[in-house]
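What the coordinates show
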Amino acid sequence: MTERRRSDPLPLGGDDGLPYSKGLMARALMATGVPAVRAYELAARVEGDLLSRGEAAVDLARLEELAIEVLGENEGAQALRRLRRHETLRELDLPIILLIGGATGTGKSTVATEVAYRLGITRVSSTDFVRQTMRAFLSRQFMPSIHRSSFDIPDEDELRDVLGAFVDQTQNVLIGVRAVIDRALQEGWSLVLEGVHLVPGMLPKVEGALVINCVLAIESEETHAAHFWVRDASSDGLRPVEKYLDALPDIRLIQEFVVEQARRAGVPVVENSSIELSIATVMELVLSRAERFARV
């Protein structure tokens, strides 16, 4: 059985008699964006400091001193600031609903999976999965829009534009999305949901949770196209690159629409030119939202 959200306290040692663990500390630091090598270096420095002082636990003030010593003033202070914000998030007795939108091939699933891991969220899903599930219960004759790709126009509807077909499909898929979110809230589970159908301005209102919504985009058409080659290689051809490259103009058109909707709704648009930077940006959005909520 999965957990609602891992909510382990900061691994400072001494909690319930447990000794300090440099492995747990390194993992906590990496969750805030500190590179692995630097995180282990700082965790080892803390361990050595505790041994030299004969202590079993480190407090945040001493941890910050050591972080600045090992990582430098700016990076060290930033790491401790993020650790404190993680603690604020941990203390919130509220499920997290993180919605990551964006056109096909913008890296949504990669970012969603990594951010979920760093947040300790064990439920990650996609609107494509929701759409596939709906297909099993709703026939093509009853709801044809969910039986095609988000960027396809039905052959029998040549006069229809790509965006019109996409909006029609999105409205139908969001029925299933609403059900998924409702179930998570009923059970008190945190959830990371990603997908092209998470269009700002069209999403259902969600209450009783810490809700964060963002959209990933790729400005460069060449970089966007390169993502499909990576997907093709990683899926052993289950996602044939030719299909997506042929449809790239329509996919880019949908991206323009989703980005414009995000800007109108005041939803952050994250330029995914770097996966690591995008992950850090989405994490910052979550932690900032938690910090603002805690002040209310």
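This text gives an overview of the structure that appears in the document.

Calculation rules
- Counting restarts for each chain: residues are numbered from 1 in the order of the written sequence.
- Restriction of local features to residues with pLDDT of at least 70 applies here, the model being predicted, together with a cutoff of 80 or more for giving and counting side-chain atom pairs; totals for whole chains, interfaces and linings are based on all residues.
- Excluding hydrogens and water, the side-chain values take into account all heavy atoms of the structure.
- Only buried Ala, Val, Leu, Ile, Met, Phe, Trp, Tyr and Cys residues count toward a nonpolar core, and they belong to the same one when joined by side-chain atoms within 4.5 Å.
- For each residue, the accessible area found with a 1.4 Å probe, counting protein chains only, is set against the maximum for its type, and the residue is called buried under 20%, exposed over 50%, and partly exposed in between.
- Only DSSP runs of H or I covering at least 4 residues are called helices, and only runs of E covering at least 2 are called strands; the numbering of each starts at the N terminus.
- Here, two residues are considered to be in contact whenever any of their heavy atoms come within 4.5 Å of each other.
- Each cavity reported here is a set of points on a 1 Å grid over the protein atoms alone in which a 1.4 Å probe fits but cannot get out, each pocket an open set with protein on both sides within 12 Å along at least five of seven lines, and each lining residue one with an atom within 4 Å of a point.
- Grid points are joined across faces, edges and corners, and a volume is the space filled by probe spheres set on the points.
- The definition of a polar contact used here is a pair of N or O atoms within 3.5 Å, where within protein one atom must be able to donate a hydrogen and the other to accept one, and adjacent residues in sequence count solely through side-chain atom pairs.
- Paired strands, in this sense, are two strands between which DSSP finds at least two bridges.
- To define axes, lines are fitted to C-alpha atoms, for helices over the stretch in contact only, and angles between the resulting N-to-C directions are given on a 0 to 180 degree scale.

**As for the nonpolar core**
Leu 89, Leu 98, Ile 100 and Val 115 are the most contacted members of the largest nonpolar core, which has 23 residues in total. Sorting the residues of this core by element identifies strand E1 (96–102), helix H5 (108–119), strand E4 (210–217) and helix H11 (275–295) as the ones contributing at least two each. Among the elements that take part in this core, H11 stands out by supplying 6 residues, more than any other. Among residues more than four places away in sequence, those in contact with Ile 100 are Lys 108, Val 111, Ala 112, Val 192, Leu 193, Glu 194, Gly 195, Leu 198, Cys 214, Leu 216 and Val 282. Judged by nonpolar contacts, the second largest core, of 22 residues, contains Leu 10, Ala 26, Ala 67 and Leu 80.

**Observations regarding empty space enclosed by the protein**
Applying the stated rule across the entire model yields 1 cavity of 30 Å³ or more. Counted as a void, the largest cavity has a volume near 60 Å³.

**What to know about the side chain of Asn 272**
Examined against the element boundaries, Asn 272 turns out to sit in the loop between strand E5 (269–271) and H11. According to the relative accessible area criterion, Asn 272 is buried, its value standing at 2%. A distance of 2.6 Å separates polar atoms of two side chains, one belonging to Asn 272 and the other to Ser 278.

**Regarding the sheet that holds strand E2 (residues 124–126)**
One open sheet holds the 5 strands; their spatial order is E2-E3-E1-E4-E5, and the pairing between them is parallel. Looking at strand neighbours, the two that pair on one side only are E2 and E5, the edges of this open sheet. Looking at each pair of strands side by side, their axes are set apart by 25 degrees on average, direction ignored. The sheet contact formed by E1 and E4 spans 7 bridges and is parallel. Bridging from a neighbouring strand, Gly 102 pairs with Leu 216 of E4.

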